[in-house]
Every structure is written in C-alpha cells, then in structure tokens.
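Structural characterization, general
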Amino acid sequence: MPRMTPSEAFVETMAKHGVTDIFGIMGSAFMDAMDIFEPAGIRFIPVVHEQGAAHMADGYSRVSGRQGVCTGQNGPGISNCVTGIAAAFWAHSPVVIISPETGTMGMGLGGFQECNQLPMFQEFTKYQAHLNNPSRMAEFTGRCFDRALSEMGPTQLNIPRDLFYGDIDVEIPQPTHVERGPGGERSLAEAADLLSKADFPVIVSGGGVVNAGAVDECKALAEWLGAPVVNSYLHNDSFPASHALWCGPLGYQGSKAAMKLISRADVVLALGTRLGPFGTLPQYGMDYWPQKAKIIQVDADHRMLGLVKEISVGICGDARVAAQSLLHRLEEMSLACDATKERRMAEIKREKDGWEKELDEWIHERDDFSLEAIARAGEGFLHPRQALRELEKAMPENVMVSTDIGNINSVANSYLRFEKPRSFFAAMSFGNCGYAFPTIIGAKVAAPDRPAISYAGDGAWGMSMGETMTCVREDIPVTAVVFNNGQWGAEKKNQVDFYGRRFVAGELDNQSFAGIARAMGAQGVIVDKLEDVGSVLESAVDAQMNDRKTTIVEIMCTQELGDPFRRDALSKPVRHLDKYKAYV
Ligand SMILES: Cc1ncc(C[n+]2csc(CCOP(=O)(O)OP(=O)(O)O)c2C)c(N)n1
Ligand SMILES: [Mg+2]
C-alpha cells in the first residue's frame, strides 16, 4: 500500500470521486489539505460567507447530479453552513460538507473555535462520518461521497484538525454506484392493473423524475395513457413545458389547469415525489387533491411511501426504471382510458388555454390592499405579474433559474416553464430567504455554458447580495433579478390578512441595488418600465454569456401582494389582556 499523509489520502479520494470544485472560506484547520488541491485538479472557490458556499454546493449538485462540496474553518466557518446544508437536505442534493474540527488534544477544554460539529448537522444529513483515526481518512472520505449520491442528500465528514497530519499506508477506494431497480414485482403489477382500469389517469412528475433522469420515460408513459402530467410543487423542470400533456405545477401559485385536471383523476401516478404536505395544499380556493382517487406512489425512499397522502400502491423504486416497467406492462394490457383519449386531450387543451388566458389578463392583484398600493405607486413601478410574464417571454434557451422565498418569487411559479430537467432550483422545503443567488452561482460553476438567472425579492437579496463579489472576483458571471418592492412582502401579507394592517418591521427603505451592484464591480440596471423588462434581461444574459459580466437587474415593483404563503398556518389573533385588546 502506498504511503501518504491523511491530507494526501483525503485529496486523492476526492479526486477519484471526480471532485473539481470546492466552495468555502479558507482556514488554518484544513490548510494542509488545501495546499495540494490545485495539483489534484481541484479548484477552491472562496466565497463571501460560508452559507453561500453551502448553497453553491447545492446548486452545483442540483445541475450536475454530482456531489457539491463545501468547507470552512472549524467552529464559526462550519456553523455558518448550517442553513445551507438544511436547504440542501430538503432539495435532496448530494452535498458533502467537510468540517474540520478542533484538534483531538484540545477538544473539551474550551480553547478556540471549538464546538461539537456533529449535532448541528444531525437533522440535515443522511450520513455523518467522524474521523477517529488518521488511517481511516480515505475510507471515510469515500463513504461520505458515495452516500451523498446513494442517499441523495448531504453528508458530513468531520475531521479533527490534527488528523490531517502523519503518515498512513492506504489504498484509495473506488467510488461505488448503487443501481436501483424498478420496485417490487407485486406492487408494479398492482399499479399497472390500476392504471389499465383508470378512466382519468393523471401523472404527478416530481423531483425524483429529475434526479433519476426519468423525463423521457415519464413522457412515454404519459403518451401511452394520454394522461395529463402535472409537476409537483417547485419541480417545474420535471416535464417539458412545450409538451401537449404538460399542465404545469401543483401547489402555491401553481397552475389552475393542473389543479383542475388532477381533481378529476380516478387514478394518480405520483412518480418520484414524496407528495410533500405544503405542495398539495388548497390553492385559489380550490381543494383539488382527489380524495377518492387511487394513488400509486413511486419513491426511491421507502419511508416516503404513504407518509403524507394515503396511497393504494407504494412502489419503492427508481423513477426511471419504474416508469419503464409500468409502460412495458401496460403495453401488454388493454386500457380503459383508450376509449376517451381524444376527449381527454381536448379537455387538457381547454384547461390549459383557459389558464393561459387568465394569466394574460391577470396583470395585477385585485384585493383592497393591492389596489391601494398600486394607486400609491404611480408611474415607474411595475406590476409583479406583468414583469414576471415579460421575463418568462425573454428567457433564453437552456436557461437555469433559481428562485427565493418571498411573495413575488412565489407568484413566479406560474410563469416559470422549462424544457429540460436540472433547470429550476427553487428554495425547497426549508424555505430560507437568501437561497437563490448563491445557488445559481454554484449551478453556473457546474454548467458554465448555460445561462444562469436568479430571482430574489429585495429582502432576500439583502441577505445574499454580498456574493456578487464572489461572481466578480472569481469570474463566475450570472444574472440576478431583484424585485424591489420596498418591503418584506410575503410576511407583510400576513399583517394585511390577519393582523389588521398593523405593519411592524415590514418596510424596507432600500438603497439602490443597481448602485450597490456597480460598487461591487458588477453591472447594475434599474428597470422601471414594462417594455424594458425583456430587453434588459436579454442584454444581461448576453453580457453573461459573451462578456463574462454579472448583472443585477433591479425591477421596481408596486407593493401589491399575491396570495399569502401560510394561510394554512395562521389564524386571527385572540387577546385576553386589556392592554392588547385593540390588537385583534
Ligand atoms: C432566512 C429567512 N428569514 C425569514 C424568513 C421569513 N420570510 C419569508 S418570506 C419573507 C419576506 C421576503 O421579502 P422579499 O425578499 O423582499 O420578497 P417579497 O415578499 O417582498 O416579494 C420573510 C422575511 C425566511 N423564510 N427565511
Ligand atoms: Mg420585497
């Protein structure tokens, strides 16, 4: 066995796993290994804040399907990553966080930058390795990289900093690849039977379809059945939007056509989706989930089967081969729904056309608060919906878009359509503001030839805009769209609906984001006319692709607000004490 140092074993194992990029901020704790990243073919990308590094690793892995890697100094550098790793966990991203720790001889004495780094990631990792002996460096490193992929989620490699040093004799392990099957024979047969008897089958295409590379198989199955395909919440890239059977996303600010059609289903094939609780809440006053339908759920993780929604058949399998297997079975059977294929196709078209028309006419919100906000704004402020529609029309081919958490970003859900998977990186169930921008930077590193665009509200932008300096310093050109409505809108909406318009802490008296962008060395453009939205986006993308320039596009928006995020979780206030009686 070759002799090497643990640092060499660590770096060699990463190289063997194809690691070429690591996001983070340097620190003495891992400097011995960092010193040899370059000769190992690994680029270390220094960021502004380690939360950004974790989001970048997330975006990197979501677009490439490979492990994204982040690291930082023990203690504060690593605790700064917690939010980013939690977000990656809920995005099912194979992110590996390398967390160097206080040295073994100092741990427990309260020295410098000391903390126990395993508990803080426990809930958001699929696997945590703690290096307990330097001789096992390659083994643990390899396992973290393997498990991030096989379990589709973050893993942590915790390394006491003194264990990078020494001499070890070790073989570098080969990466392993777990091949998943279609699922159990009996559940597949039951599912095929249900589908063959269905009158109105509907397919929900989820994140598992993207991760498994199953879009073509989903398409073939949908075409065979003539079944409408709806995207699960925030997985708008799980089916090509130009396809006649595509109906758009379910859930908050999603497609009414999708929701109306699924409400009529007698059999639903939920392909590669955990059917997360937030993603199927009633919307637009419509409780669309088909309570009486038979639900077939396919998920690679057996723990997700039937967890949220009652199901008739659960298939623990890979979305791609499961869809393939179902199609092969159905090809041998006669389909009840064949008799109505044309009628159903016409129904799909009718609902889609109706929704497009409604979106075209829905140029602004119409509730009292929004109407007052529009009147107050006057010239120079755009309706968010109109701006979003213009952006949609100007989207370049092959685009990658990330979105943040906020009111306008949520409304964007209706206007974001994709032709290919691994194109849409929304902040998923962890729902943290500040997600979109660093995530698109990571995506751009993994796919430099694709146009990269992030959306964020002005509040979320404030949390994340520092990473503009990373784009400029590290030559990672992207385009950031900032919807400046001068408020933490999504939360203010709750004060409108539930707290008698008692606005506390919701206003944002912003400086010019375009100006700040320019001060950071990027281009900054203010858009205050609707007719400029499309052309500004196009030139920003052109600058990104042809001049390697990052542009911040600041769109001035009225303070109108769309439907609230958490209508499900809020109720009108009750006060018992006299001094608070007016606060209802
Ligand atoms: C890290 C974090 N802090 C706070 C929140 C709560 N929150 C959700 S949406 C929102 C407002 C977002 O405002 P902005 O980014 O300006 O977008 P807008 O709603 O105005 O479109 C806040 C504060 C959150 N989701 N994440
Ligand atoms: Mg805002």
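None of these values were measured; they are calculated from a predicted model. (Residues numbered from 1 in each chain as written. Chains lettered and ligands numbered in written order. Predicted model: local features only at pLDDT ≥ 70, side-chain atom pairs only at ≥ 80, totals over all residues. Heavy atoms only, no water.)

1. Here we look at the packing of aromatic side chains
In the structure shown here, the tally under the stated rule is 17 aromatic pairs. Taken together, the ring pairs in this structure connect Tyr233, Tyr252, Phe278 and Phe565 into an aromatic cluster. Over the aromatic face of Tyr127 sits the side chain of Arg147, whose NZ or CZ is 4.5 Å from the ring centroid. The positively charged end of Arg385 is found above the aromatic ring belonging to Trp362, 3.6 Å away from the centroid. (Phe/Tyr/Trp six-rings, centres within 6.5 Å; stacked < 30°, edge-to-face > 60°. Lys NZ or Arg CZ within 6 Å of the ring centre and 35° of its normal.)

2. Looking at the sheet that holds strand E6 (residues 127-130)
Taken in spatial order, the six strands make up an open sheet running E3-E2-E4-E5-E7-E6, and their pairing is parallel. Two strands bound the open sheet, and with one partner strand each, they are strand E3 (43-46) and E6. Geometrically, the sheet is characterised by an average inter-axis angle of 25° between neighbouring strands, direction not taken into account. Pairing geometry for strand E4 (residues 68-71) and strand E5 (residues 95-101), over four bridges, is parallel. Each bridged residue has a counterpart across the sheet, and for Gly68 the counterpart in E5 is Val95. Lying over the sheet, helix H3 (residues 50-64) contacts strand E2 (21-24), E4 and E5, oriented at roughly 170° with respect to E4. Running at roughly 160° to strand E7 (residues 155-160), helix H6 (residues 137-150) makes contact with E4, E5, E6 and E7 of the sheet. (Pairing = 2+ DSSP bridges. Helix = DSSP H or I, 4+ residues; strand = E, 2+ residues; numbered from the N terminus. Axes fitted to C-alpha atoms, helices over the stretch in contact; angles between N-to-C directions. Contact = heavy atoms within 4.5 Å.)

3. Focus on the packing of helix H1 (residues 6-16) against H6
Interaxial distance between H1 and H6 falls to 8 Å at its minimum, and their mutual angle equals 30°. Viewed along their axes, H1 and H6 adopt a mutual orientation that is roughly parallel. For the crossing formed where H1 meets H6, the hand is right-handed. On H6, the residues touching Pro6, Ala9, Phe10, Thr13 and Met14 of H1 are Met137, Ala138, Thr141, Gly142 and Phe145. Of the residues that constitute the contact of H1 with H6, the class distribution is seven nonpolar, three polar and no charged. (Parallel < 35°, antiparallel > 145°, perpendicular 65-115°, else oblique. Left-handed = near helix turned anticlockwise from the far one by under 90°. Nonpolar A, V, L, I, M, F, W, Y, C, P; charged D, E, K, R; others polar.)

4. Let's talk about the packing of H3 against helix H16 (residues 436-446)
Following both chains from N to C, one finds H3 and H16 inclined at 50°, their axes separated by 6 Å at the closest point. As far as their axial angle goes, H16 and H3 are oblique. Remark: the crossing between H3 and H16 carries right-handed chirality. Residue-level contacts link Gly52, His55, Met56, Gly59, Tyr60, Val63 and Ser64 of H3 to Pro438, Thr439, Ile441, Gly442, Ala443, Val445 and Ala446 of H16.

5. Structural notes on the pattern of salt bridges
By the definition in use, this model includes 31 salt bridges. Where Glu356 meets Arg389, a salt bridge forms, and the shortest distance between an N and an O atom there is 2.9 Å. On the criterion of sequence distance, the pair formed by Glu356 in helix H12 (residues 341-361) and Arg389 in helix H14 (residues 384-394) is long-range, its members being 33 residues apart. For Arg389, a relative accessible area of 10% translates into the label buried. With a shortest N-O distance of 3.9 Å, Asp528 and Lys529 are connected by a salt bridge. Among the residues examined, Lys529 registers a relative accessible area of 41% and is labelled partly exposed. (Salt bridge = Lys/Arg side-chain N within 4 Å of Asp/Glu carboxyl O. Buried < 20%, exposed > 50% of the residue type's maximum accessible area, 1.4 Å probe, protein only.)

6. Overview of the layout of surface pockets
Empty space among the atoms becomes visible once a probe the size of a water molecule is rolled across them. Quantified by volume, the second largest pocket comes out at close to 250 Å³. Looking at the second largest pocket, it is lined by 14 residues, and the ones nearest its centre are Pro396, Val399, Arg417, Phe418 and Glu419. Split into classes, the residues belonging to the lining of the second largest pocket amount to seven nonpolar, two polar and five charged. (1 Å grid on protein atoms, 1.4 Å probe; cavity = no way out; pocket = protein on both sides within 12 Å on 5 of 7 lines; lining within 4 Å. Points joined across faces, edges and corners; volume = space filled by probe spheres on them.)

7. Description of the side chain of Thr155
Looking at the secondary structure, you find Thr155 in strand E7. Not counting residues within four places of it along the chain, the set of residues in contact with Thr155 comprises Val95, Val96, Ile97, Thr125, Tyr127, Cys144, Arg147 and Ala148.

8. Description of empty space enclosed by the protein
Inspection of every chain in the model, using the stated rule, returns three cavities of 30 Å³ or more. Lining the largest cavity are 17 residues, and of these Arg62, Ala91, Val210, Asn211 and Arg422 lie nearest its centre. Elements supplying a minimum of two residues to the lining of the largest cavity: H3, helix H8 (207-211) and strand E16 (424-426). Of all the elements, H8 adds the most residues to the lining of the largest cavity, at three residues. When the residues that make up the lining of the largest cavity are grouped by side-chain class, the tally is seven nonpolar, seven polar and three charged. Every residue lining the second largest cavity is listed: Glu365, Pro384, Arg385, Asn407, Ile408, Val411, Glu560 and Gly562. With three residues, the single largest contributor to the lining of the second largest cavity is helix H15 (residues 407-411). Classifying every residue of the lining of the second largest cavity gives three nonpolar, two polar and three charged.

9. Overview of unusual backbone geometry
Not every positive phi belongs to a glycine, and Met152 is a case in point at roughly 50°. The phi dihedral of Arg548 falls on the positive side, at around 55°, and the residue is not glycine. Inspection of the secondary structure puts Arg548 in the loop between helix H21 (533-546) and strand E20 (551-556).

10. Digging into the sheet that holds strand E12 (residues 267-271)
The parallel open sheet is built from six strands, whose spatial order is E11-E10-E9-E12-E13-E14. Each of the sheet's edge strands pairs with one partner strand only, and the pair in question is strand E11 (246-249) and strand E14 (313-316). Going from strand to strand, the sheet's axes swing by 20° on average, the running direction of each strand aside. As paired elements, strand E13 (residues 294-299) and E14 share four bridges and run parallel to each other. Within E14, the residue paired with Ile296 across the bridge is Val313.

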